[in-house]
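For reference, the chains in residue letters:
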Amino acid sequence: MKLKEAGLPPIVYEQTPKLLRRQKVPVVKAKVGPRIQTFLCDAAVFDDIPLKKKYV
């Protein structure tokens, strides 16, 4: 998804170079403890991450 649509803090968007702001980036939203956090990941690893797995 695009960097602006990823839900990252505004400071991240402001510090990104202007040429890279329009590119798509691999974004992972994961639940870490009680919070949901947004991470940028490597494009090669992005396809290997499981989608919505529920561990019991």
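Structure's up top.
I will try to describe carefully the structure that is included in this document. (Residues numbered from 1 in each chain as written. Predicted model: local features only at pLDDT ≥ 70, side-chain atom pairs only at ≥ 80, totals over all residues. Heavy atoms only, no water.)

1. Quick word on the overall build of the protein
On a plain count of helices and strands, the protein comes out with 2 helices and 2 strands. The N-to-C order of helical and strand elements in the protein reads α-β-β-α. In terms of overall dimensions, the protein is more spread out than a globule: its C-alpha atoms have a radius of gyration of 13 Å, far above the 10 Å expected for 56 residues. Its C-alpha atoms give the protein principal-axis dimensions of about 45 × 25 × 15 Å. Here the protein holds 56 residues, and the buried ones make up 9% of them. Put simply, 13% of the contacts in the protein that link residues at least 6 apart link residues at least 24 apart. Across the protein, the centroid of the 12 positively charged side chains sits 8 Å from that of the 5 negatively charged ones. (Helix = DSSP H or I, 4+ residues; strand = E, 2+ residues; numbered from the N terminus. Rg over C-alpha atoms; globule rule 2.2 N^0.38 Å. Buried < 20%, exposed > 50% of the residue type's maximum accessible area, 1.4 Å probe, protein only. Contact = heavy atoms within 4.5 Å. Lys, Arg positive; Asp, Glu negative; His and termini not counted. Charge placed at Lys NZ, Arg CZ, Asp CG, Glu CD.)

2. What about the side chain of Thr16?
Within the secondary structure, Thr16 is located in the loop between α1 (10–15) and β1 (27–32). Of the residues examined, Thr16 reaches a relative accessible area of 16% and is grouped as buried. A polar side-chain atom of Thr16 sits 2.6 Å from the main-chain carbonyl oxygen of Val12. In contact with Thr16, not counting residues within four places along its chain, are Leu3 and Arg21. (Polar contact = N/O pair within 3.5 Å; in protein donor to acceptor, adjacent residues only side chain to side chain.)

3. Quick notes on the packing of aromatic side chains
All told, the structure shown has 0 aromatic pairs when counted by the stated rule. One Lys or Arg, Arg21, reaches over the ring of Tyr13 and ends 4.9 Å from the middle of that ring. (Phe/Tyr/Trp six-rings, centres within 6.5 Å; stacked < 30°, edge-to-face > 60°. Lys NZ or Arg CZ within 6 Å of the ring centre and 35° of its normal.)

4. Considerations on a nonpolar patch on the surface
Where nonpolar side chains cluster on the molecular surface, the patch consists of Val45, Phe46 and Ile49 and spans about 220 Å² of accessible area. Within the secondary structure, Ile49 sits in the segment after α2 (43–46). (Patch = residues over 30% accessible without salt bridge, like charges linked within 9 Å, V, L, I, M, F, W, Y side chains within 5 Å. Areas by Shrake-Rupley, 256 points an atom, 1.4 Å probe, with all protein chains shown as cover. Salt bridge = Lys/Arg side-chain N within 4 Å of Asp/Glu carboxyl O.)

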